[in-house]
Every structure is written in C-alpha cells, then in structure tokens.
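Okay, here's what each chain looks like letter by letter:
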Amino acid sequence: MSDTLTVYGWTATDLRWRQQAACIGFVDTFFPDRPNRHTRAAAIRICDSCPVVTECDDYATEAGEKMGVWGGKNWTKLSRL
Ligand code: SF4
C-alpha cells in the first residue's frame with residue numbers, strides 16, 4: 001500500500017487499523033441521511049465491540065471531526081460543548 005496519499009496527514013499505513021473496524025459494512029448506520037439520537041445510539045453500540053476504538057478516537061481527535069460517531073463517541077454532541 002502506498003504512503004504517498006494522506007488523509008488529514010495520516011498515511012495508508014497509519015490508517016491500517018481501519019481494516020479491523022467493526023463499522024465496515026454499516027454505512028447507513030454511521031452516515032444516515034437523517035442522523036438522530038437513534039441512529040447515533042445504534043452506531044455507538046457497534047463501536048462498543050470494535051477492536052480499534054482507541055485508534056479511531058485518536059484519528060477523530062487529530063482530524064478535528066465535528067460530526068458523526070467516531071471511537072464510540074457522538075462527536076456532533078461533543079463539538080457543541
Ligand atoms: S470505533 Fe466505531 S467508528 Fe471507529 S472504527 Fe470502530 S466501529 Fe468504526
């Protein structure tokens with residue numbers, strides 16, 4: 001895998017943890033057309049079983065995510081604090 005391209009400064013090697021993500025295949029749950037507390041709760045339940053929660057949380061923090069569920073947290077809610 002090439003490390004030429006980056007996402008928020010993270011290389012493909014840095015992002016290899018995503019291959020273990022429990023949310024793979026749950027696009028509609030994590031990126032619903034109309035997010036609400038029910039869709040966020042469903043996403044967080046998936047995160048509860050994810051082996052890469054720490055890596056995901058670190059990524060979301062460094063990338064400055066402001067919306068959605070990352071690392072088992074509702075970042076939309078956190079960004080309003
Ligand atoms: S912690 Fe949640 S959002 Fe992050 S990779 Fe795992 S399942 Fe996906």
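Scope of this entry: the structure provided in the associated data block. All values reported here derive from a predicted model rather than from experimental measurement.

**Concerning the overall build of the protein chain**
Part 1: In terms of helices and strands, the protein chain carries four helices and four strands.
Part 2: Its C-alpha atoms give the protein chain a radius of gyration of 13 Å, near enough to 12 Å, the size a compact globule of 81 residues would have.
Part 3: Its C-alpha atoms give the protein chain principal-axis dimensions of roughly 40 × 25 × 25 Å.
Part 4: For the protein chain, the proportion of its 81 residues judged to be buried stands at 10%.
Part 5: Restricting to contacts in the protein chain with at least 6 residues of sequence separation, those with at least 24 account for 40%.

**Comments concerning the nonpolar core**
Part 1: Core analysis: the largest hydrophobic core is formed by six residues, namely Ala-43, Cys-47, Cys-56, Tyr-59, Val-69 and Trp-70.
Part 2: For this core, the secondary structure elements donating two or more residues are α2 (37-47), α3 (53-63) and β3 (69-70).
Part 3: Apart from the residues lying within four places of it in its own chain, the contact partners of Ala-43 are Thr-29, Phe-30 and Val-69.

**Section: the site of the ligand**
Part 1: Taken together, the neighbourhood of the ligand is formed by 13 residues, with Ala-21, Cys-23, Cys-47, Cys-50 and Cys-56 sitting nearest.
Part 2: Listed by contribution, the elements that provide at least two residues to the shell around the ligand are α2, α3 and β3.
Part 3: Split into classes, the residues belonging to the shell around the ligand amount to 11 nonpolar, two polar and no charged.

Cut-offs applied
Residues numbered from 1 in each chain as written. Predicted model: local features only at pLDDT ≥ 70, side-chain atom pairs only at ≥ 80, totals over all residues. Helix = DSSP H or I, 4+ residues; strand = E, 2+ residues; numbered from the N terminus. Rg over C-alpha atoms; globule rule 2.2 N^0.38 Å. Buried ≥ 20, exposed ≤ 12 C-beta atoms within 10 Å, placed from the backbone. Contact = placed C-beta atoms within 7 Å. Core = buried A, V, L, I, M, F, W, Y, C linked by C-beta atoms within 7 Å. Near = placed C-beta within 6 Å. Nonpolar A, V, L, I, M, F, W, Y, C, P; charged D, E, K, R; others polar.

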